[in-house]
Amino acid sequence: MIPTLILNALAVSSLYIMMASGLALIFGLRRVMNFGHGAIYMVGAYLGYTIASGLNFWAALILVPLIMSVFGVLLELLVLRPLEKRQQIEVALITFGIGIVIAQIVIRIYGGTPLSVSAPPLLASSVKIFGADYPVYRLFITVIGLCSVVALAVWLNATRTGMFVRAVSHAPNVSSMMGINANRLSLLISTLSTAFAGLAGVLVGPYLSIDPGMDVAMIITCMIVVVIGGTGSIWGAILAALIFGFLQTFGTVYLHEISVLIPYLMLIGILVWRPQGFNFGGSAE
């Protein structure tokens, strides 16, 4: 059972990593917590269902992140940029309201019945791992999560644009004096963030289920992960997502009575003993 639980924890952690890293990127650059991030993930899941039903899963895996990246452009140009001089709490509340509106539109279109997507035939089988059958699709999710972490690390540390993102996150005023266009970078980050959320939404269809409450469940998880990791810290968010996934998976089996409380207890402990979270190097680090 232990190897199976570890693999399950890695699969669910991969989804949290994709969601939380996008949220942390936006906060690191804009200093804004996007409470509509869960609704974006929900839209990605339902769009994935529609495209997978009409075409196939692979088409959904490619098209949904592209469509959601356009949504990221609209988010940046119509919400974040016009409100950049406003207080953080005001912008956060506006994104919260936008998320509620989006979720209600989705529910009105698709109804309140949970939906599911079949895994593509290539990933629908199982493999033997330590003598137990394990779904190939869950391994696929883990691989996608690992690849996203590696790609993010390479981009932030080995490319000119990634270094600019880190610079603006650390010292926006100094970066502006050096000629770095923060608005252009913010547009890129918003696009990447919503694309990651759309990708996670597509991946969750064959793994869990698509239902009207998925946006609330995911945004609560992401907020906990981002705060524990250190607001704006990418690597802190990734570590926190891994820990959260393992606690959730193992707690459901071994501490079923209190498993739902474990993440909140962890959040309280972090806020009391280490308010800055894990925060390995600050924003976008």
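Residues numbered from 1 in each chain as written. Predicted model: local features only at pLDDT ≥ 70, side-chain atom pairs only at ≥ 80, totals over all residues. Heavy atoms only, no water.

Student: Tell me about the overall build of the chain, residues and numbers included.
Tutor: Looking only at helices and strands, the chain features 11 helices and 2 strands. In terms of C-alpha radius of gyration, the chain reaches 19 Å, essentially the compact-globule figure of 19 Å for 285 residues. With the C-alpha coordinates aligned to their principal axes, the bounding extent of the chain is approximately 60 × 45 × 35 Å. Looking at the chain alone, contacts between residues at least 24 apart form 78% of all its contacts between residues at least 6 apart. With the model as given, the accessible surface of the chain reaches about 13,300 Å², and the carbon-plus-sulfur share is 70%. A distance of 11 Å separates the average location of the 12 positive side-chain charges in the chain from that of its 8 negative side-chain charges. (Helix = DSSP H or I, 4+ residues; strand = E, 2+ residues; numbered from the N terminus. Rg over C-alpha atoms; globule rule 2.2 N^0.38 Å. Contact = heavy atoms within 4.5 Å. Areas by Shrake-Rupley, 256 points an atom, 1.4 Å probe, with all protein chains shown as cover. Lys, Arg positive; Asp, Glu negative; His and termini not counted. Charge placed at Lys NZ, Arg CZ, Asp CG, Glu CD.)

Student: Please give an account of the packing of helix α9 (residues 214-229) against helix α10 (residues 234-254) that cites residues and values.
Tutor: Where α9 contacts α10, the axes come no closer than 7 Å and their chain directions differ by 125 degrees. Classed by the angle they form, the pair α9 and α10 counts as oblique. The element α9 and its partner α10 pack so that their crossing is right-handed. Between α9 and α10, the residues in contact are Thr221, Ile224, Val225, Ile228 and Gly229 and Gly236, Ala237, Ala240, Ala241 and Phe244, respectively. (Axes fitted to C-alpha atoms, helices over the stretch in contact; angles between N-to-C directions. Parallel < 35°, antiparallel > 145°, perpendicular 65-115°, else oblique. Left-handed = near helix turned anticlockwise from the far one by under 90°.)

Student: Account for the nonpolar core, with residues named and values stated.
Tutor: In this structure, Leu15, Tyr41, Tyr137, Leu203, Met214 and Ile228 are the most contacted members of the largest nonpolar core, which totals 83 residues. Here the element with the most residues in this core is helix α1 (residues 2-30); it accounts for 14 residues. Discounting chain neighbours no more than four positions away, the residues touching methionine 214 are Tyr41, Met42, Ala45, Tyr46, Val204 and Ser209. (Core = buried A, V, L, I, M, F, W, Y, C linked by side-chain atoms within 4.5 Å. Buried < 20%, exposed > 50% of the residue type's maximum accessible area, 1.4 Å probe, protein only.)

Student: So what's going on with the pairing of strand β2 (residues 132-135)? Residues and values would help.
Tutor: Sheet topology note: the strand β1 (residues 126-129)/β2 ladder contains 4 bridges and is antiparallel. Across the sheet, the residue bridging to isoleucine 129 is alanine 132, located in β2. The antiparallel hairpin formed by β1 and β2 contains 2 residues in its connecting segment, where phenylalanine 130 sits at a positive phi of about 55 degrees. (Pairing = 2+ DSSP bridges.)

Student: I'd love a proper account of helix α11 (residues 262-273), names of residues and values included.
Tutor: Compared with an ideal rise of 1.5 Å per residue, which puts 12 residues at 16 Å, α11 spans 16 Å between its outermost C-alpha atoms and is within 8% of the ideal. Looking at the packing, one finds that the buried side of α11 touches α9 and α10. (Expected span 1.5 Å × (residues − 1).)

Student: Please provide a residue-by-residue account of the layout of surface pockets, values included.
Tutor: Approximately 470 Å³ is the volume found for the largest pocket. Along the wall of the largest pocket there are 21 residues; nearest its centre are Tyr16, Ala217, Thr221, Phe244 and Gln248. Every element with two or more residues in the lining of the largest pocket is listed here: α1, α9, α10 and α11. The leading source of residues in the lining of the largest pocket is α9, at 6 residues. Looking at side-chain class alone, the lining of the largest pocket contains 15 nonpolar, 5 polar and 1 charged residues. (1 Å grid on protein atoms, 1.4 Å probe; cavity = no way out; pocket = protein on both sides within 12 Å on 5 of 7 lines; lining within 4 Å. Points joined across faces, edges and corners; volume = space filled by probe spheres on them. Nonpolar A, V, L, I, M, F, W, Y, C, P; charged D, E, K, R; others polar.)

Student: Tell me what's going on with the pattern of salt bridges, and back it up with residues and numbers.
Tutor: Two side chains with opposite charge may pair up if their charged atoms get near one another. Scanning the model with the defined rule gives 3 salt bridges in all. Residues glutamate 76 and arginine 81 are paired through a salt bridge, measuring 3.2 Å at the closest nitrogen-oxygen approach. Judged by its relative accessible area of 0%, glutamate 76 is buried. Since its relative accessible area comes to 24%, arginine 81 is described here as partly exposed. Of the charged contacts, one joins aspartate 133 and lysine 128 as a salt bridge, the two residues approaching to 3.4 Å between their closest N and O atoms. Classification of lysine 128 as exposed rests on a relative accessible area of 59%. (Salt bridge = Lys/Arg side-chain N within 4 Å of Asp/Glu carboxyl O.)

Student: Tell me about the packing of helix α6 (residues 160-170) against helix α8 (residues 182-207), and name the residues and values.
Tutor: Between α6 and α8, the shortest axis-to-axis distance is 10 Å and the interhelical angle comes to 110 degrees. As summarised for this structure, α6 and α8 are arranged roughly perpendicular, according to the angle between their axes. Residues Thr161, Phe164, Val165 and Val168 of α6 touch α8, and the partners they reach there are Ala182, Leu185, Leu188 and Ile189. Residues belonging to the contact of α6 with α8 are distributed by class as follows: 7 nonpolar, 1 polar and no charged.

Student: Kindly report on the environment of valine 149, identifying the contributing residues and their values.
Tutor: Residue placement: valine 149 occurs in helix α5 (residues 136-158). Sequence-wise, valine 149 and isoleucine 238 are 89 residues apart; in three dimensions their C-alpha atoms are separated by 8.1 Å. Setting aside residues up to four positions removed in sequence, valine 149 forms contacts with Ile17, Trp235 and Ile238.

Bear in mind that shape data such as this cannot, by itself, settle questions of function.
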